[in-house]
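What follows is each chain in one-letter form.
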Amino acid sequence: MASVELRSVEKSFGSVEVLHDINLSLEKGEFIVFVGPSGCGKSTLLRLIAGLEDITGGELFIDGTCVNSVLPAKRGISMVFQSYALYPHMNVYDNMAFGLEQARLSKHEIDRRVREAAGMLQIEQYLDRKPKQLSGGQRQRVAIGRAITRQPKVFLFDEPLSNLDAALRVDTRIEIARLHKRLTGTTMVYVTHDQVEAMTLADRIVVLNAGRIEQVGTPLELYEQPASRFVAGFIGSPRMNFIEGAEPAAAGVHALGVRPEHLDVSRTEGRWKGTVALVEKLGSDTFIHVTTDTSGMINARAVGNHGFQAGDTVFVTPREGSIHRFNEDGKPVGGPVGGPVAEEGSE
Amino acid sequence: MTFPGWIKTSAFYALVSAIVLQAVFPFYYAILTSLESGQSIFDVNYLPQAASLANYWAMISDGVFGKQILNSVFVATVVVFISLFLAVTAAYALSRIRFRGRGLLLLTILSVSMFPQIAVLSGLFEVIRAFGLFNSLWSLVFSYMIFTLPFTVWVLTTFMRKLPVEIEEAAIVDGASSFTIIWRIFLPLMWPAMVTTGLLAFIHAWNEFLFALTFLSTDSQRTVPVAIALISGLSEFEIPWGNIMAASVIVTLPLVVLVLIFQRKIVSGLTAGAVKG
Amino acid sequence: MASNAGISTLSRQRIVSAWLFLTPMLLVLASVAAYPLIRTIYFGFTDASIDLIAEAQWVGFRNYLEYLDYGDGEGEYFGLLVDADWWRAVWNTLRFTIISVFFETLFGLVIALVLNREFRGRSLVRAAVLIPWAIPTIVSAKMWAWMMHDQFGILNDILLRLHIIAEPVAWTASPDTAMLAVLIVDIWKTTPFMALLILAGLQMVPGDIYEAARLDGVGPVRLFRRVTWPLIMPAVLVAIVFRALDALRVFDIIYVLTPNNERTRTMSVFARENLFDFDKFAYGSAASTLLFLIIALLTISFIWATRMNVEADER
């Protein structure tokens, strides 16, 4: 039995439909990440599951029960908000206990659960403090702790790391991954616009675009077999190069796509000739932006440091089996193909 | 046309002095008069000449005036508590819950706050007599709702809109009812706004004159503004100015002190209440 | 199966609690504002008298306008609409409103501009400016009545010493100066309120606008006319409208400072005198109704003109 199931779910605000025909089934214990550009509807979808927004059409099941008209607190979910949303006037203990008090648990049971969650997150020493006496990372732990005490079937995260600085973000990400391993059987739904978070945390990723599901799959599936040009462009950093015009037309498709890390750059020979427009040196990698004579702008990623300079004439060559082909609707045509030499009509 | 710096500076400070002088002088002069006694009141003095508490003693030993102060305190306090209680729940509904007719309701409340009190005077007089509240302090508690309630609702609504949405949603996920959200989550966050709004409503009720003049008929029931307005001597030429000034200082000093303590909060409350375009 | 479309329990529960929370307030407002207003309008069409409210008989427009035919081809109009006293009260009210609001705005602007500058002792000055606002209206009226006393008042003393007047003026009693006296007190008392509202508007003007203007070499007068004023004008306009609506219903200051003076009698004073002093309850109710209509019209046109968006956007 699926832990969370959405059947033809739709959502409109007034006359504007923001989610169209969402069908999705989440397994018990799975870590699912909703990812997509801002405005794609991922947060709305999470809020529908939480019950903070009404479902306009379709049905939502949690543990086999239709919860369309069930109150958020009765759905067996917990939510961690972007701004932490701690109660500023309560200390950490009361923040974590508040939901349990509302559920009329015994004082003893509340105390046990709060201390257990605090121990899990190593925040026992802050239980008497007010949120404003804590650092951003500590507040985030309290917010997670508050969600844990409710012992939810489904854990919802709404961009929980976006208010943290870069270093803390990595630490907290690892912590959330560890938490998921510890809380076996708890389904986690996590919304982010950061694809690195999505790739590192998820068992499966749901890519949303303009209110529709583009693709559902494991991180590597999305990377290797994107179901659409949108997914191909969204997953992977730097983003995939797309080539349109005569070259893909000759192969009978609308566009070719190749990832920067799948390109080799040479001064002497290769498939696409061009001029270096810009070189970005990151130390570990070098990004070389090349204006090609025939195929527009192409970005290549080379490991280590390279001596290319703007103005140099270079050749860019895709590796074996790294070219994705898309038709006019943005759908992939066959699997990835290609190599140093164009393989016209190899289908 | 440019002036040397020192002329500009002196002109500026002259302006500042004029502003301070006009603001402070009448109250200063009232205190000065209240400290004089007997015939010396009728000599114009610019600096204190006496420090006699005879006028104050006369007012306090009067007995009725003390009762009248208590009347004012009672009415203003009860009015503040009732209107805050009604307003805080109403403001939550108006600021946090989407429902049909909310905009119209807000407009209605705003227009009631601009109501001319005289427009309801005769109808209110009938209601108060029908309830048997004539010459009772409860008539004022009831009628003052016409201005304190719209004002408090409006200011608290403005304030509550600014409270973060996610905190409320966290409480909803935690299973808190709307009532719990107000009392356990929002109220503790709102006490500065409550204090400011309550203080402004208190001052308004404390100063009210028209209803107090109309709905109370005996001396011992009156509130202080009416009492002061009606202090009179035996004839036009025997108006006890010293007593009037002493009474004025007694009822004003606490207000001035409160306003000076809370001046920053009051300014923000007034702007929230009035400038909302 | 549970119904799929429609609103969830959460929304329904919240809407129910919204109305639950609003009901007590609405009931109070209905009984203290709506019902009395309707009764006042009704009394304006009756012959109600203060002791016989219950036996009021419907008389139509008689309180407003009535033609009394003397039977010999001659006749006369009676009623509020042809009552010279009423129209004088309307005129007094308008005059009071326009002059007082004008000067309150002017002085309020000056004080706000002063308080918006950085100088030593600014917070003390601001505290001092607030004092007139903190003093109850009745008390200010009495304080000024004493200062304006014709024989012992300090105002005459000052003006005589400065040779501005040759002999003492009976400020509140003389018909020529009564309105002036009322205006002085009202402007003195209410200017702080205007100053605070304008100051709040001024403080929302970002400081770097002034920096930029200074870098561009804009002089102070031009800076005010071209930069400051356009930015604070909306706030000032709203403040003016609120003050004007307040001034149109002025009562206490006039009742206490210049009682029984037809040169200062405003609409509110006129209505209350008829209601409770002259035993013309119905006539006073009619006057109250007219006053309400005038203010309601002004309020509606104000809301319409500024297209006030009361439902601020959220989310």
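Residues numbered from 1 in each chain as written. Chains lettered and ligands numbered in written order. Predicted model: local features only at pLDDT ≥ 70, side-chain atom pairs only at ≥ 80, totals over all residues.

Chemist: Hey, could you go over the sheet that holds strand β8 (residues 187–192) of chain A for me, with residue numbers and the actual values?
Modeler: Residue and element names in this part refer to chain A. Taken in spatial order, the 6 strands line up as β6-β7-β8-β3-β9-β10 in an open sheet, and their pairing is mixed. Because the sheet does not close on itself, it has two edges, and the strands there are β6 (77–80) and β10 (212–217). Across the sheet, the axes of successive neighbouring strands diverge by a mean angle of 20 degrees, strand direction being ignored. Sheet analysis places strand β3 (residues 31–35) next to β8, joined by 5 bridges and oriented parallel. Bridging from a neighbouring strand, Phe31 pairs with Met188 of β8. (Pairing = 2+ DSSP bridges. Helix = DSSP H or I, 4+ residues; strand = E, 2+ residues; numbered from the N terminus. Axes fitted to C-alpha atoms, helices over the stretch in contact; angles between N-to-C directions.)

Chemist: Pulling in residues and values, what's your account of the confidence of the model for chain C?
Modeler: All names here are of chain C. For chain C, the average pLDDT comes to 85, and 94% of its residues sit at 70 or higher. Confidence, read as mean pLDDT per element, is least for helix α7 (residues 207–215) in chain C (80) and greatest for helix α2 (residues 84–115) (93). Within the model, the stretch residues 1–6 combines pLDDT values under 50 with 10 contacts to residues more than four positions away or in other chains. When the criterion is pLDDT under 50, residues 310–315 qualifies, and its contacts beyond four places in sequence or with other chains add up to 10 contacts. The complex prediction reports pTM at 0.85, with the ipTM value standing at 0.88. (pLDDT = per-residue confidence, 0-100. Contact = placed C-beta atoms within 7 Å.)

Chemist: Please provide a residue-by-residue account of the pairing of strand β1 (residues 66–69) of chain C, values included.
Modeler: All names here are of chain C. Relative to strand β2 (residues 75–78), β1 is paired through 4 bridges, and the arrangement is antiparallel. Note on β2: the bridge partner recorded for Leu68 is Glu76. Between β1 and β2, which pair antiparallel one after the other, the connecting turn spans 5 residues, and Gly71 there sits at a positive phi close to 90 degrees.

Chemist: Before we move on, could you go through unusual backbone geometry and cite the residues and values that matter?
Modeler: Residue and element names in this part refer to chain A. Look at the link from Ser237 to Pro238: it is a cis peptide, with omega at -5 degrees. Summarising the element assignment, Pro238 is placed in the loop between α8 (229–234) and β11 (241–244). For Ala85, which is not a glycine, the phi torsion comes out positive at approximately 55 degrees. Note on placement: Ala85 falls in the loop between β6 and α2 (92–102). At Arg104, a position not held by glycine, the phi torsion is positive, near 60 degrees. Relative to the helices and strands, Arg104 resides in the loop between α2 and α3 (107–121).

Chemist: A description of the packing of α2 of chain C against helix α8 (residues 220–248) of chain C should follow, citing residues and the corresponding values.
Modeler: Residues and elements named next belong to chain C. In contact at an axis separation of 9 Å, α2 and α8 are set at 145 degrees when each is read in the N-to-C sense. Crossing handedness for the pair α2 and α8: right-handed. Mapping the contact onto sequence places Thr93, Phe96, Thr97, Ser100, Val101, Glu104 and Thr105 in α2 and Val236, Ile240, Arg243, Ala244, Ala247 and Leu248 in α8. When the residues that make up the contact of α2 with α8 are grouped by side-chain class, the tally is 7 nonpolar, 4 polar and 2 charged. (Left-handed = near helix turned anticlockwise from the far one by under 90°. Nonpolar A, V, L, I, M, F, W, Y, C, P; charged D, E, K, R; others polar.)

Chemist: Talk me through the interface of chain C and chain B; I want residue IDs and the actual numbers.
Modeler: Between chain C and chain B, the contact holds 79 residues from the first and 76 residues from the second. Tallying contributions element by element places helix α1 (residues 9–43) of chain C first for the side of chain C that touches chain B, with 20 residues. Tallied by class, the residues present in the side of chain C that touches chain B amount to 58 nonpolar, 10 polar and 11 charged.

Chemist: I'd like to hear about the pairing of strand β1 (residues 4–13) of chain A, residue by residue, with values.
Modeler: All names here are of chain A. As defined by bridge partners, β1 adjoins strand β2 (residues 16–26) across 7 bridges and the pair is classed as antiparallel. Note that in β2 the partner of Val9 across the bridge is Ile22. The loop that links β1 with its antiparallel partner β2 comprises 2 residues; one of these, Gly14, has a positive phi angle of about 65 degrees.

Chemist: Got a sec to walk through helix α7 (residues 165–173) of chain B? Specific residues and values, please.
Modeler: With respect to burial, α7 of chain B is a largely interior element, 7 of its 9 residues being buried. Within α7 of chain B, the full set of buried residues consists of Ile167, Glu168, Glu169, Ala170, Ala171, Ile172 and Val173 of chain B. Looking at the buried residues of α7 of chain B, the elements they touch are α1 (42–50) and β6 of chain A together with α3 (64–96) and α8 (178–207) of chain B. (Buried ≥ 20, exposed ≤ 12 C-beta atoms within 10 Å, placed from the backbone.)

Chemist: Describe the domain arrangement of chain B, naming the residues involved and giving the relevant values.
Modeler: When cut into domains, chain B gives domain 1 (5–42) and domain 2 (63–232 + 250–274). With centres defined by C-alpha atoms, the gap from domain 1 of chain B to domain 2 of chain B works out at 34 Å. (Domains from an automatic or database assignment.)

Chemist: Just give me the short version of the environment of Val16 of chain B, but keep the residues and values in it.
Modeler: Mapped onto the elements of the fold, Val16 of chain B is located in helix α1 (residues 5–34). Those residues in contact with Val16 of chain B that sit more than four places away from it in its chain are Val114 and Val125 of chain C.

Chemist: Which residues make up helix α5 (residues 118–130) of chain B, and what are the values?
Modeler: Residues and elements named next belong to chain B. In a regular helix each residue adds 1.5 Å, so 13 residues correspond to 18 Å; α5 covers 19 Å between its end C-alpha atoms and thus fits that length. By the criterion of burial, α5 is predominantly enclosed, with 10 of the 13 residues buried. Among the residues of α5, Ile118, Ala119, Val120, Leu121, Ser122, Gly123, Leu124, Phe125, Glu126 and Ile128 are the ones counted as buried. One or two positions beyond α5, positive phi appears at Gly132, with a value near 70 degrees. (Expected span 1.5 Å × (residues − 1).)

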